Each structure stands twice: as structure tokens, then as C-alpha cells.
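Summary of structural features
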Amino acid sequence: MEHNDDIEKIIDAQDLTLPPPEREPQRQYYFIKKCREFIKRKSEESGRRLTASVVTFGCQMNARDSEKLAGILECIGYLVTDSEESDLVIYNTCTVRDNANQRVYGRLGVLHGLKKKNPHMKIALCGCMMQEESVIEKLQKSYRFIDLIFGTHNIFKFAELLCTMFESERTVIDIWKDTDQIVEDLPVERKYPFKSGINIMYGCNNFCSYCIVPYVRGRERSRNPEDILREIKALAADGVVEIMLLGQNVNSYGKNLENPMSFASLLREAEKIEGIERIRFMTSHPKDLSDDLIAVMKESRKICRHLHLPLQSGSTRILQAMNRRYTKEQYLALAEKIRTEIPDIAITTDIIVGFPGETMEDIEETIDVVKKVQFDNAFTFIYSKRTGTPAASMPGQVPEEVVKEGFDKLLKTVQDTARSRVLRWRGQTMPVLVEERNLQDDALLTGRLSNNTIVHFPGDASLIGQIVNVRLKECHGFYYMGETVEL
Ligand code: 5AD
Ligand code: SF4
């Protein structure tokens, strides 16, 4: 993957007088070429280059998918921009909590207004939210101005679906229930030239009782290690210094491969690839985190000092109802083991408040874990009922006042511990990967420590993409102000 030049040659060689190939990804190369002719004609008609924009909701996995969508759009001739005042806008949606869905509906209203001004505008929707039947019904009934709708399993068909859309007067809808296909080697347009996500597995088999992901992303499928390592090598050759290995539960990577391989072994192999300076991964499930993984992280020069380890709840009773398959004590023991082995690691987490049946005592248990583990950061969410999940039909949906009281108390604890954790780096000089110009102040650059803490410091934009040493001068809650240091 990512060798866009090689792909270009194959696309060029497609013969559109023949019927489309059956095999993937060859079939998509054919449709890319076909789309190109369409876009070229449309551009000539309108006397300007057509523009497109991809809007991402949700997680890192979706962000990576959006890079694939942008890759196709760019490849067929669109100018990809950030503006929703474009000739084509695609929303890559998330449905993990209902507020993500509501945001999509809200913004679709705005898009409808834009489409009235530009009747040639095309609007497409894809991603996790589209895998829900009720969503599709609602869109068909009340959002008839949408041109293309597809889901998570057939995203690799984007070029083909676009072709169908260009040829159709009506909304094109193609949603698959599942797939066992993994189609790679399509064009990708990375958001950052120097860092990239890499899917190592798709789907999830955990079935946490609150979570919709297994229903919208399907069963767990690991990619072959050779394909992953080949992709990382190509990325390194293309100037990438930081990679993030992506999966819903990376710790169970490789279990179902023909030749099983553990996540720890995959990391060992990735470490050897020259040019890659930093390796991150997301997300870890505590129940599957092995001693071997801790050992690899400890030995490694490249694996970042950051572990995102979702707790969800500190109450064993609630954890059981959530089907998390660990207890409060097991989580505490695991966190302590990690902190002992790798003292400079940052541990971050996700917590849900308001799961059915949860009481203030349960929330106190969670607060107790936050205090004991001293998370470097924690994302706290209010439980959102997802239709079709086991938790949605559990008794004891929690009243809003209890949720609010618990949430506020938890948030305060989380902020206090995080602040004191981040503060402990003050005065030190640490390597920072420079990511971008500061969004508020042009004279500043923004980058990230290995432990994921954000640092702002004065510097020239030519440093973007490089790893520089920065002295951490002032701590502002979750981020630092610093200055570069020549060592
Ligand atoms: N309600 C609230 N939060 C949820 N998450 C997943 N499902 C739900 C839900 N139904 C949170 C979990 C997960 C993160 C990505 O989103 O904390 O780790
Ligand atoms: Fe949202 Fe989950 Fe889909 Fe990511 S995988 S976009 S968090 S529903």
C-alpha cells in the first residue's frame, strides 16, 4: 500500500472497453479510471476543477478510512479540500454514542442548504452509523437529498460506488451485513506526511454489553503480518517516522491467522523497520494484555511510552454486567505491573458513567481506581443506549441526576490526577515529534512527546515532521509550553 505511483501505472493500463474485472482490487482500478473520465468531463463542462471534502467522525480507525476515501477522490481527479462548500461531501460517520449520530443529522441539514445553492453537489454517507437499519430508514424517509450511502464492509468499493452514483438519478444505497474480505492496495491520501495509522485488524469479537462496534464493524479479522510489515516499509520509504497500529482490540491480534502470531511478535518485527522512529497502537483490552507485550514495550526504543487501557468501570459488579471479563482488582494489578516495569509510561483510559444499574457506590469504586492508577488522562463518557446491544434492554437505566452527580465527581478526580501526572515532566528536555503550526499562534509549533503529551514551542515550520528536543518549561493542565534545545 501507499505506493501510489505503482498503483497509477496499473490504473492507466485498465481497458474500459472490456467488462470490469471480478477480482479485487483490480476491479476498483477499473472503476477509478472510469470515474476519472466522468470527473474530467464534468470539470471541462464547469470550467474549473471539481472539489471534494471528507468529514470524519469517531475514532482513529475512521480517520484512517477517511484517508483511503480521500485517496480515491484525489486519484479520480477531485481537488480534496476542507470546505463543505464542495462539489462532493462525504461524511464518514460514527455511532458509538448517540450524540455522534445527532451531530450527523444536524450537519446534514446544513449540507442540504448548500446543495440547494449548488444543485450539482453530491452528498455521500458512509461508516459505522450506516450499518444500522433504523438509520437507513430515517435517511430514506427524511433525507432524500443524499446521493450515496454505504457501510463499513464495502468501503473498498468506493470507486465503483461513485461510478454507480454518477450514472444514477436516485440515491444509491449499498450496505453489507458483513464480509470476510480484506482489500488493500488502493490509493491513500495521508493527512500528515510524516505519520500514519495502519490497520492491523478489523472488527471486534468482545461484545461488551454496551457497545455497538461488533455489530457495525463485524467479526475480528487480522491482516497477514507480511502485508502489514510491507505497508510499514513502504510508509517509511515515503517519509513516515511515526506509525500507529490500529485495531479495536490489538492485544488479540493474530489469534485467528492461519499461522497465528501474537501482537507482541508483530511489534518486534515492526521495530526492526528502518526509518520508523515511533510506534503507537490503539486500542488495548485489559483482559488480553500479555506479559510478553509489557516486555516488548520495556525493551523497545521505538514503542511510545503511552498505553491506552480502557477501564470503563471500577466496579467489579458493573464490569461483569458490561461483559468486560476482568475485575477491579485484576485491572489494578495489571496497571501496577505496567507502571513497575515501565515507570515513565503514561496510562490513559476510557470510562463510562451511567451504565444500567450503576449506583453512586459503583461510581465511587471507579473514582477509587482513578486515584490508585493515577491515569495520565481519561476520557469520560455518559452511557448511551445503543439499540440491539444487550445493555439496551437491561433494567435500571440510571436517572439523569445520578449520572450527572457521578460524572462531575469523576471528572474532577480525573482532572486532578491527570494534572499532577503531566506536571511531573516539568523542567525536563524530551524529544518531540513536530506535527503542525500552532492553530492559535503562528509563531508556535505543536508537537507530541512519546507519552502523548502535547507541547507548544516557538519554532520554524521547516521543523514539521522532525523529532526535536524540547525543554518543558510551563505546564498548563494537559499541555506544555517549551523551547527547543540543541543537545
Ligand atoms: N455509551 C457510552 N460510551 C461508550 N463507549 C462505547 N460504547 C459506549 C456507549 N454505549 C465508549 C467506551 C469506549 C469508547 C471508544 O467509547 O468507553 O472505550
Ligand atoms: Fe465510532 Fe466505533 Fe465506528 Fe470508531 S469503530 S467510528 S468509535 S462506532
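Overview of the structure. (Residues numbered from 1 in each chain as written. Chains lettered and ligands numbered in written order. Predicted model: local features only at pLDDT ≥ 70, side-chain atom pairs only at ≥ 80, totals over all residues. Heavy atoms only, no water.)

Here we come to the site of ligand 1. With respect to spatial proximity, the complete set of residues near ligand 1 consists of Val96, Arg97, Tyr210, Gln312, Asp350, Ile352, Phe381, Ile382, Tyr383, Ser384 and Arg386. With respect to ligand 1, the side chain of Gln312 contributes an N or O atom lying 2.6 Å from an oxygen atom. Coverage of ligand 1 by the protein chains reaches 86% of its 410 Å² of free accessible surface. Counting only elements with at least two residues in the shell around ligand 1, the list comes to β13 (346–353) and β14 (377–382). Looking at the shell around ligand 1 residue by residue, the classes come out as six nonpolar, two polar and three charged. (Near = heavy atom within 4 Å. Polar contact = N/O pair within 3.5 Å; in protein donor to acceptor, adjacent residues only side chain to side chain. Areas by Shrake-Rupley, 256 points an atom, 1.4 Å probe, with all protein chains shown as cover. Helix = DSSP H or I, 4+ residues; strand = E, 2+ residues; numbered from the N terminus. Nonpolar A, V, L, I, M, F, W, Y, C, P; charged D, E, K, R; others polar.)

How two aromatic rings sit relative to each other is set out by the distance from centre to centre and by the angle between their planes. Per the stated rule, a full pass over the model turns up 14 aromatic pairs. Taking 5.0 Å as the distance between ring centres and 80° as the angle between the ring planes, the aromatic pair formed by Phe263 and Phe281 counts as edge-to-face. With Phe263 in helix α9 (residues 263–271) and Phe281 in strand β11 (residues 278–282), this residue pair connects regions lying 18 residues apart in the sequence. For Phe263, a relative accessible area of 3% gives the class buried. Aromatic rings pair up to connect Tyr105, Tyr143 and Phe145 into one cluster. A cation over an aromatic ring shows up here: Lys138 above the ring of Tyr105, its NZ or CZ 4.0 Å from the ring centre. Positioned above the aromatic ring of Tyr192 is the side chain of Lys195, whose terminal nitrogen or guanidinium carbon lies 4.8 Å from the ring centre. (Phe/Tyr/Trp six-rings, centres within 6.5 Å; stacked < 30°, edge-to-face > 60°. Buried < 20%, exposed > 50% of the residue type's maximum accessible area, 1.4 Å probe, protein only. Lys NZ or Arg CZ within 6 Å of the ring centre and 35° of its normal.)

This part is about the pairing of strand β1 (residues 51–56). Within β1, five of the six residues are buried, which leaves the element mostly enclosed by the surrounding structure. Direction of pairing for β1 relative to strand β3 (residues 88–93): parallel, over a ladder of five bridges. Its bridge partner lying in β3, Ser53 is registered against Val89. (Pairing = 2+ DSSP bridges.)

Before going further, it helps to examine the sheet that holds β13. Pairing in this open sheet of three strands is parallel, and the strands run β12-β13-β14 from one edge to the other. Of all strands in the sheet, those with a lone pairing partner are β12 (306–308) and β14, marking the two edges. Neighbouring strand axes in the sheet, compared pairwise and without regard to direction, differ in orientation by 15° on average. In the sheet, β12 pairs with β13 via three bridges, with the strands oriented parallel. The partner of Leu307 across the bridge, within β13, is Ile347. (Axes fitted to C-alpha atoms, helices over the stretch in contact; angles between N-to-C directions.)

Another aspect to go through is the sheet that holds strand β16 (residues 444–449). Spatially, the five strands close up into a barrel ordered β15-β16-β17-β19-β18, and their pairing is mixed. Between one strand axis and the next, the sheet turns through 50° on average, direction left out of account. Bridge count for strand β18 (residues 467–476) against strand β19 (residues 479–484) is six bridges, and the pairing is antiparallel. Directly across from His476, in β19, lies its bridge partner Tyr479.

Moving on, we come to helix α13 (residues 360–373). Helix length check: α13, at 14 residues, gives a terminal C-alpha distance of 20 Å against a target of 20 Å (1.5 Å per residue), a fit within 8%. Residues of α13 that are buried: Met360, Asp362, Ile363, Thr366, Ile367, Val369, Val370 and Val373. Viewed end-on, α13 has its buried residues packed into an arc of 165°, placing them on one side of the element. For α13, exposure combined with an orientation more than 90 degrees from the buried face picks out Glu361 and Lys372. Looking one or two places after α13, you find Gln374, whose phi comes out positive at around 55°. (Expected span 1.5 Å × (residues − 1). Arc of directions from axis to C-beta.)

Let's shift gears to the pattern of salt bridges. Side-chain pairs of opposite charge can arise whenever the charged atoms involved come near each other. Counted by the stated rule, this structure contains 44 salt bridges. In this structure, the salt-bridge partner of Lys115 is Asp147, at a minimum N-O distance of 2.7 Å. Note that Lys115 is positioned in helix α4 (residues 98–117) and Asp147 in the loop between α5 (133–142) and β5 (148–150), a separation of 32 residues in sequence. As far as burial versus exposure is concerned, Lys115 and Asp147 are alike and both buried. A salt bridge links Arg223 to Glu231, with the nearest nitrogen and oxygen atoms 2.7 Å apart. In this pair, the class of Arg223 matches that of Glu231, namely buried. (Salt bridge = Lys/Arg side-chain N within 4 Å of Asp/Glu carboxyl O.)

So, on to the packing of α9 against helix α10 (residues 291–299). Contact geometry for α9 and α10: axes closest at 8 Å, N-to-C directions at 20°. Relative to α10, the element α9 is oriented roughly parallel. Between α9 and α10 lies a crossing of left-handed hand. On the side of α9, the interface is formed by Phe263, Ala264, Leu267 and Arg268, while α10 contributes Asp292, Leu293, Val296 and Glu299. Split into classes, the residues belonging to the contact of α9 with α10 amount to five nonpolar, no polar and three charged. (Parallel < 35°, antiparallel > 145°, perpendicular 65-115°, else oblique. Left-handed = near helix turned anticlockwise from the far one by under 90°. Contact = heavy atoms within 4.5 Å.)

In this section: the site of ligand 2. Taken together, Cys59, Asn62, Cys94, Thr95, Val96, Cys128, Val213, Arg217 and Gln248 are the residues near ligand 2. Partitioned by chemical class, the residues of the shell around ligand 2 number five nonpolar, three polar and one charged.

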